[in-house]
Amino acid sequence: SIILKEMENVVNSSPVIVSKSRYTHEWPVELISDGIKNLGYSPRELESGHTWYGDIVYPEDRERVLKNLSSRIDEGGSDIQQEYRVLTKSGEVRWVDDRTLIKRNYKGEILYLQGIVFDITERKEAESALVEAKMLAKSASQTKSQFLATMSHELRTPLNAVIGFSDILGEEVFGEMNPKQKRYVANINKSGRHLLNIIN
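Residues numbered from 1 in each chain as written. Predicted model: local features only at pLDDT ≥ 70, side-chain atom pairs only at ≥ 80, totals over all residues. Heavy atoms only, no water.

Asker: Just to check I follow, could you spell out helix α6 (residues 179–199) for this structure?
Answerer: An α-helical segment advances 3.6 residues per turn. Residues three or four places apart therefore align on the same side. With 21 residues, α6 ought to run about 30 Å at 1.5 Å a step, and its terminal C-alpha atoms sit 30 Å apart, in line with that. Those residues of α6 lying buried are V185, N189, G192 and L196. Buried residues along α6 cover an arc of 65° about the axis, so they all sit on one side. α6 presents P179, K190, H194, N197 and I198 as exposed residues on the side facing more than 90 degrees away from its buried surface. (Helix = DSSP H or I, 4+ residues; strand = E, 2+ residues; numbered from the N terminus. Expected span 1.5 Å × (residues − 1). Buried < 20%, exposed > 50% of the residue type's maximum accessible area, 1.4 Å probe, protein only. Arc of directions from axis to C-beta.)

Asker: In this structure, what is going on with the pairing of strand β1 (residues 17–21)? I would like to understand it.
Answerer: In regular strands, side chains alternate between the two faces of the sheet. The two faces of β1 differ: I17, S19 and S21 on one face are buried, but V18 and K20 on the other face are not. In terms of strand pairing, β1 meets strand β5 (residues 110–119) through five bridges, oriented antiparallel. Note on β5: the bridge partner recorded for S19 is G115. Examined bridge by bridge, β1 and strand β2 (residues 29–32) share three bridges and lie antiparallel to one another. Across the sheet, the residue bridging to K20 is L31, located in β2. (Pairing = 2+ DSSP bridges.)

Asker: Would you take a moment to explain the sheet that holds β1 for this structure?
Answerer: Adjacent strands of a sheet form backbone hydrogen bonds with each other and so pair up, either parallel or antiparallel. As summarised here, the arrangement of the five strands in space is β2-β1-β5-β4-β3, forming an open sheet in which the pairing is antiparallel. On the outer flanks of this sheet lie β2 and β3 (79–87), each paired with one strand and no other. Averaged over neighbouring strand pairs, the angle between their axes works out to 25° when direction is ignored. Strands in contact with helix α4 (residues 59–74) are β3, β4 (93–104) and β5; relative to β3, the strand with the most contacts, it is inclined by about 170°. Packed on one face of the sheet, helix α5 (residues 121–172) meets β3, β4 and β5 and runs near 125° to β4. (Axes fitted to C-alpha atoms, helices over the stretch in contact; angles between N-to-C directions. Contact = heavy atoms within 4.5 Å.)

The quantities given are spatial measurements derived from coordinates; they are silent on function.
Encoded structure:
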């Protein structure tokens, strides 16, 4: 009895929510630990049936959670692990990891469900931030690539003209130029080709 009392104290002092529920509509709770207080509810509210656990599950997740549980039960499973959102009493949305044990009698009939629920909101927020950071990095990379492609095109066009006209000058009027002019044309052509190589 002392050991059981100590175990109860350990469970109730933990932020983890431990519960025992019947497998009927909205999962009426028979027993629930003080961890439920982290969602703003008292154990008495759920144990009395004043609040159903199903009402705490985020509306958009409720059908999926129940369907997964029902499927697992139909398969003859003894447990199921799910992640879903819940609503605190104040309306805040939190993420939980729910490990539900399906307790059966010797005939395979369900006696009750035992839930162990962990708050994983911080982990989910970190995962979401990481996904967002990856998307921003990908967007920045695409922007950089587009910028480089545009700049390459914008620089390549006038450079080709500079190189082309300096080639024409070298071919058509090279003999009429003095050494200084020839050097200028050669330098223009050489510098243009050098810049084009850098762009390439």
